[in-house]
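Below are the chains, spelled out letter by letter.
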Amino acid sequence: MLDLRQLKALEAVAEHGSVLRAADALQWSQPTVTHHLRGLERVLGAAVVTSGSGGTRLTAVGEAMMPHAIAILDRSERAVDELRALVESDRRRIAIGVFPSAGARLLPQVVRALQEAGFDPDVSEAELDPLMADVVGLRLDAAIVYDAPGRPTILPPGFRMIPVRQERLAVIVPRAHPLAGRTGVPLADLDDEAWIAGATEADPVDAALARAAEQAGFTPRIAMRSDDYAVVAAYVAAGFGAALVPELALPAHLDAVATVEIADAVFERRIFLVTAPTVGAVARTALEQALRTTAGG
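Since this is a predicted model, take the numbers as computed values, not measurements. (Residues numbered from 1 in each chain as written. Predicted model: local features only at pLDDT ≥ 70, side-chain atom pairs only at ≥ 80, totals over all residues. Heavy atoms only, no water.)

1. A closer look at the overall build of the chain
Now for step 1: Across its full length, the chain carries 9 helices and 11 strands.
Now for step 2: Dimensions of the chain, computed from C-alpha atoms along their principal axes, come out at roughly 75 × 50 × 30 Å.
Now for step 3: For the chain, with 297 residues in total, the buried portion stands at 44%.
Now for step 4: For the chain, the share of sequence-separated contacts (at least 6 apart) that also reach a separation of at least 24 residues comes to 73%.
Now for step 5: In the structure as shown, the chain presents an accessible area of about 14900 Å², 52% of it carried by carbon and sulfur atoms.
Now for step 6: A distance of 6 Å separates the average location of the 28 positive side-chain charges in the chain from that of its 38 negative side-chain charges. (Helix = DSSP H or I, 4+ residues; strand = E, 2+ residues; numbered from the N terminus. Buried < 20%, exposed > 50% of the residue type's maximum accessible area, 1.4 Å probe, protein only. Contact = heavy atoms within 4.5 Å. Areas by Shrake-Rupley, 256 points an atom, 1.4 Å probe, with all protein chains shown as cover. Lys, Arg positive; Asp, Glu negative; His and termini not counted. Charge placed at Lys NZ, Arg CZ, Asp CG, Glu CD.)

This is the structure we're talking about:
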């Protein structure tokens, strides 16, 4: 069975490059560090460090163990902090992540629901891939995420992925655009437009536009890119092109742009709540109910 001291020894050697310096950093003796490294090697059945004239470095097995060691040590520290806080205030901390465009619309009610259920929410914002990595690594207890077509999400046992709402994606254009405010517009009518896209070609919203455009017989011409929907909307308002943006990003940016309702393409994505095994029934229920009733969900 793993011992936290084994993981601390591995982490210290990785950081300091020698058993001696790791011992100094941990305020242990050098034989104690070596003892715990050997114990970890017995558990794993392979060497985790190797020593030479340049010092001590991790083997391939040690490198592969490091992400797990960091996550376990982080979780153990959080457990102590949370339980101490629970004893002192009768409230438990819960770490929740959210993708950027959902923050303003979804978070206020989610935070309020958790507080009313007796939790102290610790909220962070990140893009989809870092959010999922932090949940699986137990650095987050829960995350509000969206589906990325063609990239199925596979979660370890004990994790849950609960659908909570459908989000519409809207085509926006400058207010003076001939199609501004129109409904029932074929997507092909926008085949000559320049488009303001996400920061990378892998952006799920851009992928949805590309698939629909291919069916409509054209390839979107990308004029600019940004990972900030406020900037995207500003580019559109300035007349640099059209954009496909999530519904949750619309409210603050509609003053200088207009929407175009597309007749022959359904632009939607699903929003999910992902919870780690660390989330109990009370917190999970509060999160689900808040998300399903927020912003028309």
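2. Digging into a negative patch on the surface
Now for step 1: A grouping of Glu11, Glu15, Glu77 and Asp81 is seen on the molecular surface, where their side chains present a negatively charged patch.
Now for step 2: Elements that contribute at least two residues to the negative patch include exactly helix H1 (4-16) and helix H4 (60-89).
Now for step 3: Given the relative accessible area of 30%, glutamate 11 is considered partly exposed. (Patch = residues over 30% accessible without salt bridge, like charges linked within 9 Å, V, L, I, M, F, W, Y side chains within 5 Å. Salt bridge = Lys/Arg side-chain N within 4 Å of Asp/Glu carboxyl O.)

3. Let's talk about the pairing of strand E7 (residues 194-197)
Now for step 1: Burial of E7 is two-sided: the residues Ala194 and Ile196 facing one way and the residues Trp195 and Ala197 facing the other way are all buried.
Now for step 2: Traced from E7 through helix H7 (residues 204-216) to strand E8 (residues 221-225), the parallel crossover comes out right-handed. (Right-handed = clockwise from strand over helix to strand, strands pointing away.)

4. Re the pattern of salt bridges
Now for step 1: All chains considered together, the criterion is met by 11 salt bridges.
Now for step 2: Measuring nitrogen to oxygen at the nearest pair gives 3.1 Å for the salt bridge that ties aspartate 141 to arginine 75. Of the two residues, aspartate 141 sits in the loop between helix H6 (128-136) and strand E5 (142-146) while arginine 75 sits in helix H4, which places them 66 residues apart along the sequence. As far as the burial class goes, aspartate 141 and arginine 75 line up, both buried.
Now for step 3: The salt bridge partner of arginine 139 is aspartate 134, with a shortest N-O separation of 2.8 Å.
Now for step 4: Salt bridges linked by common partners bring Arg75, Arg78 and Asp141 together as one network.

5. Focus on the packing of aromatic side chains
Geometry of an aromatic ring pair is reported as the spacing of the ring centres plus the angle between the planes.
Now for step 1: Under the criterion given, the structure shown has 2 aromatic pairs.
Now for step 2: Ring plane angle 80° and centroid distance 4.9 Å describe the contact between phenylalanine 99 and tyrosine 146, whose orientation is recorded as edge-to-face. With phenylalanine 99 in the loop between strand E3 (92-98) and helix H5 (103-116) and tyrosine 146 in strand E5, the pair connects residues that are 47 residues apart, well separated along the chain. Of the two residues, phenylalanine 99 and tyrosine 146, both sit in the buried class.
Now for step 3: When the ring of tyrosine 235 is compared with that of phenylalanine 240, the centres are 6.1 Å apart and the planes differ by 70°; the resulting orientation is edge-to-face.
Now for step 4: Taking NZ or CZ as reference, arginine 269 lies 4.0 Å from the ring centre of tyrosine 146, over its face. (Phe/Tyr/Trp six-rings, centres within 6.5 Å; stacked < 30°, edge-to-face > 60°. Lys NZ or Arg CZ within 6 Å of the ring centre and 35° of its normal.)

6. Looking at a nonpolar patch on the surface
Now for step 1: On the surface, Leu2, Leu4, Val43, Leu44, Val61 and Ile72 cluster together to form a nonpolar patch covering roughly 400 Å² of accessible area.
Now for step 2: Contributing elements (two or more residues each) for the nonpolar patch: helix H3 (30-44) and H4.
Now for step 3: With respect to the secondary-structure elements, leucine 2 resides in the segment before H1.
Now for step 4: For leucine 2, a relative accessible area of 35% puts it in the partly exposed group.

7. As for the nonpolar core
Now for step 1: In this structure, Phe99, Val110, Leu114, Ile144, Val145 and Leu287 are the most contacted members of the largest nonpolar core, which totals 38 residues.
Now for step 2: Elements supplying a minimum of two residues to this core: E3, H5, H6, E5, strand E6 (160-174), strand E11 (268-275) and helix H9 (281-293).
Now for step 3: For valine 145, the contacting residues outside a window of four places in its chain are Phe99, Leu128, Leu131, Met132, Met161, Arg270, Ile271, Phe272 and Val274.
Now for step 4: Among the nonpolar cores identified, the runner-up in size contains 20 residues, and Leu187, Val205, Ala242 and Val260 belong to it. (Core = buried A, V, L, I, M, F, W, Y, C linked by side-chain atoms within 4.5 Å.)

8. Focus: helix H2 (residues 19-26)
Now for step 1: Of the residues making up H2, those classed as buried are Val19, Ala22 and Ala23. Taken around the axis of H2, the buried residues stretch over an arc of 100°, which confines them to a single face.
Now for step 2: Looking at the buried positions of H2, the neighbouring elements they touch are H1, H3 and strand E2 (55-58).
Now for step 3: Of the residues flanking the end of H2, it is glutamine 27, one or two places downstream, whose phi is positive at about 60°. (Arc of directions from axis to C-beta.)

9. A few points about the environment of arginine 165
Now for step 1: Tracing the backbone through its elements, the reader meets arginine 165 in strand E6.
Now for step 2: Taking relative accessible area as the criterion, arginine 165 reaches 8% and is therefore assigned buried.
Now for step 3: Spatially, the C-alpha atom of arginine 165 lies 40 Å from that of leucine 7, the residues being 158 residues apart in sequence.

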